[in-house]
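# Observations on the three-dimensional arrangement
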Amino acid sequence: MSSMILKYRLVKLFWSFLLLLTVFALCLHVIFQARPYSNNANSDLYFKAPPLERQNAAIEVEKYNEHVIRTRIMQEKVNHIRQLNTKAYATKVYETDPYIETFHSNFTNVQIIYHAPVKWYRNEHDQHLSNFNRIYNYTFVLYKDQKEFINVAFFPKRGFYNVSREILTAHFQEIQNLGVNVIVWNWKPEITHEIATTIFQILSDLKMECIIQIDNYRGRSAQTIRDNIVYFTNNFENYPSWNKYFVASKKKSLAIFYLKHANELHLTELKELFAHNNKNSIRGTKHDAIIIGHFSMDLPEDKTFIRRSGVDGFYSHSAVNGAHFTSTWKNWKACEEFAKRYDLIFVPTVAPGYQDKIKERSNKIKNLRHRSNGEYYGVAWRSAKKINSQFIVINSYNDFVHGTQIEPVLTRSGFVDYAPYDNDHYLRLTKYHVKEFYKDKLAKKPKTCDDFLNNTIC
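Within each chain, residues carry numbers counting from 1 in the order of the written sequence. Only residues with pLDDT of at least 70 get local features here, since the model is predicted, and only at 80 or more are side-chain atom pairs given and counted; chain-wide, interface and lining totals rely on the full set of residues. Derived side-chain values reflect all non-hydrogen atoms in the structure, with water molecules and hydrogen atoms excluded from consideration.

## As for the environment of Ser-221
- Elements are defined by DSSP. Helices are runs of H or I of four residues or more, strands are runs of E of two residues or more, and each kind is numbered from the N terminus. Examined against the element boundaries, Ser-221 turns out to sit in the loop between strand E8 (209–214) and helix H6 (222–236).
- Per-residue accessibility, obtained with a 1.4 Å probe over protein chains only, is compared with the maximum for each type, and a residue is labelled buried under 20%, exposed over 50%, and partly exposed between these values. Relative accessible area serves as the criterion here: at 19%, Ser-221 is assigned to the buried category.
- When the C-alpha positions of Ser-221 and Leu-265 are compared, they lie 7.2 Å apart, and in sequence the two are 44 residues distant.
- Contact partners of Ser-221, with chain neighbours within four places excluded, come to Leu-265 and Glu-269. Working rule for contacts: check all heavy atoms of both residues, and any pair within 4.5 Å makes them a contact.

## As for the packing of helix H10 (residues 375–386) against helix H11 (residues 425–443)
- The N-to-C vectors of H10 and H11 enclose an angle of 15°; their axes lie 11 Å apart at closest approach. As the angle between them shows, H10 and H11 are arranged roughly parallel. Note that H10 runs across H11; the crossing there is right-handed. The segment H10 lies against H11, with Tyr-377, Gly-378, Trp-381 and Lys-385 engaging Tyr-426, Leu-429, Thr-430, His-433, Val-434, Glu-436, Phe-437 and Asp-440. Axes, fitted as lines to C-alpha atoms, cover a helix only where it is in contact. Angles between the N-to-C directions of the axes lie from 0 to 180 degrees. Angles below 35 degrees are treated as roughly parallel, those above 145 as roughly antiparallel, those between 65 and 115 as roughly perpendicular, and all remaining angles as oblique. Each helix crossing is assigned a hand: it is left-handed if the near helix lies turned anticlockwise from the far helix by less than a right angle, otherwise right-handed if that turn is clockwise.

## Some details on the pattern of salt bridges
- The term salt bridge refers to a side-chain nitrogen of Lys or Arg lying within 4 Å of a carboxyl oxygen of Asp or Glu. Tallying each qualifying case throughout the model produces 12 salt bridges.
- Two residues, Arg-158 and Glu-407, come together in a salt bridge whose shortest N-O distance is 3.0 Å. Of this pair, Arg-158 sits in the loop between strand E6 (155–156) and helix H4 (165–176) while Glu-407 is found in the loop between strand E15 (392–394) and strand E16 (409–410), placing the two residues 249 residues apart along the sequence.
- Between Asp-422 and Arg-428 there is a salt bridge whose closest N-O contact spans 3.6 Å.
- Connected through shared salt-bridge partners, Lys-250, Lys-252, Arg-283, Asp-288 and Asp-312 make up one network.

## Here's the deal with the packing of aromatic side chains
- To pair, rings of Phe, Tyr and Trp, with the six-membered ring standing in for Trp, must have centres within 6.5 Å; the planes then decide the type, stacked if under 30 degrees apart, edge-to-face if over 60, and tilted in the middle. This model, assessed by the stated rule, comprises 35 aromatic pairs.
- Relative to Tyr-438, the ring of Phe-107 lies with its centre 4.9 Å away and its plane at 50°, an arrangement referred to as tilted. With Phe-107 in the loop between helix H3 (87–92) and strand E1 (110–115) and Tyr-438 in helix H11, this pair connects stretches of sequence that are 331 residues apart.
- For Tyr-438, a relative accessible area of 2% corresponds to the buried category.
- Among the aromatic residues, those joined into a cluster by ring pairs are Trp-185, Trp-187, Phe-200, Tyr-231, Phe-232, Phe-236, Tyr-239, Trp-242 and Phe-257.
- Taking NZ or CZ as reference, Arg-371 lies 4.6 Å from the ring centre of Tyr-426, over its face.
- In this scheme, the term charge over a ring applies when either NZ of a lysine or CZ of an arginine sits within 6 Å of the ring centre and within 35 degrees of the ring normal. The positively charged end of Arg-412 is found above the aromatic ring belonging to Phe-155, 5.3 Å away from the centroid.

## A short note on the side chain of Arg-369
- By secondary structure assignment, the location of Arg-369 is in the loop between strand E14 (349–350) and H10.
- Of the polar contacts made by the side chain of Arg-369, one reaches the backbone oxygen of Asn-321; its length is 2.8 Å. Contacts described as polar in this section are N or O atom pairs within 3.5 Å, which, within protein, must combine one atom able to donate a hydrogen with one able to accept it, while residues neighboring in sequence count only if both atoms come from side chains.

## Details of helix H9 (residues 332–341)
- Taken residue by residue, H9 has Trp-332, Cys-335, Glu-336, Phe-338 and Ala-339 as its buried positions. Projected down its long axis, H9 shows its buried positions confined to an angular sector of 160°, all on one face. Turned more than 90 degrees away from the buried face of H9, the exposed residues are Lys-333 and Arg-341.
- Along its buried surface, H9 packs onto helix H8 (302–309), strand E12 (313–315), strand E13 (345–347), E14 and H10.
- Once H9 finishes, Asp-343 follows within two positions and takes phi at roughly 55°, a positive value. The arc in question is the one spanned by the directions pointing from the helix axis to the C-beta atoms.

## Quick word on the environment of Tyr-397
- Along the chain, Tyr-397 turns up in the loop between E15 and E16.
- A sequence separation of 226 residues divides Tyr-397 from His-171, and the C-alpha atoms of the two residues are 8.6 Å apart.
- Excluding anything up to four places from it in sequence, Tyr-397 contacts Ile-112, Ile-113, Tyr-114, Arg-158, His-171, Glu-174, Ile-175, Gln-405, Ile-406, Glu-407 and Leu-427.
- Separated by 3.4 Å, the side chains of Tyr-397 and Arg-158 make a polar contact.

## Overview of a nonpolar patch on the surface
- Candidate patch residues must exceed 30% relative accessible area and have no salt bridge, after which like charges are joined if within 9 Å and Val, Leu, Ile, Met, Phe, Trp or Tyr side chains if within 5 Å. Note on areas: Shrake-Rupley with a 1.4 Å probe; residue coverage comes only from the protein chains shown. On the surface, a cluster of nonpolar side chains totalling about 830 Å² of accessible area is made up of Val-11, Phe-14, Trp-15, Phe-17, Leu-18, Leu-21, Phe-24 and Leu-28.
- By the secondary structure assignment, Leu-18 is in helix H1 (residues 2–33).
- Look at Leu-18 and you get partly exposed, because its relative accessible area is 33%.

Quick look at the structure:
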């Protein structure tokens, strides 16, 4: 008899527990399903303005905490999945998003670094040398052999594409829709003349412009750099896409060349090439140009180096805030003041982040910069606008090797992505920041010729 009572009580306890568990699950379901969806566009994950700080707020170097960032990103992914389950969210995403519409401008003050071709793979024993001998299948790059490894941390939406007219046209149209009319093409001598001609032809058809960034390469010297400048001026200066800016002090129009890692050249080499009254100097010749060098300014003597080198200005280039003096946002005001004092041009470089696939090349991830869902990008833009810079360079459209690209990506196993946002999130952010930059420029009363948006440099 006692065993029957015990069994009865156990069964009753079991059903009571099961009922309690069911009620608890129903409560959770009601809480999550009944949560009201905000009709305020500014409160939505996709519709709020990109994260920008107040205009008068102090600029602080972003501090990184890997655990905190990962936790926040995971929570945002969970929230994003919940929103996707609502019909209201699904129907509003592409109908009312103010950042998805195309934006065209006629200005050339915002420029973007472009890579063609992209080094998707690296050789096990050749990590730092360019090698474009790949096996091609239409626009997609295939493995050459088993000793090559994927060289990027993000997976591009268009796949591991090769340079082709179709790919270039799609890229340049996408860039133009952001309000950016100038690409800064990262160039090395091993890139073929055919690729260069195709790029200038497509840009001419789209009424865009091209600036050459001469990358570092083996055997680079003052003489080879002069040959590079002569090559482009002789072959492409008659193309509509050849960039030209009127220099008021010289009373003539000149093209801009960016010189990457200019500080790795000796001072005598730079003076031989860019200083006046030198036999091999480009000054006063048909190949004269506006030379903007990439300098880190980490040492006190670097300022003297820049002044005596004969260059017309300098740019930060690096996407890593805090890595060098010129790439540190809070130092941009000092860089601008130094440039104005000696009639130079300072061009700040903004980037969405930095994530190199090869940890050794990133100094054991010391230079890793999380995108923070666009916050890192926003602070960089705000810092550049605060110093009233005439030009801004975006690094980059498709430098997947260093993880600075804004080109759309796909979610793939083994690769990082732009979650919890869509794969074109950084196109939207770029369009927003470009519009804000030009809006601020147009709202200010011009004080010098640098303040005009008419391709004029004082």
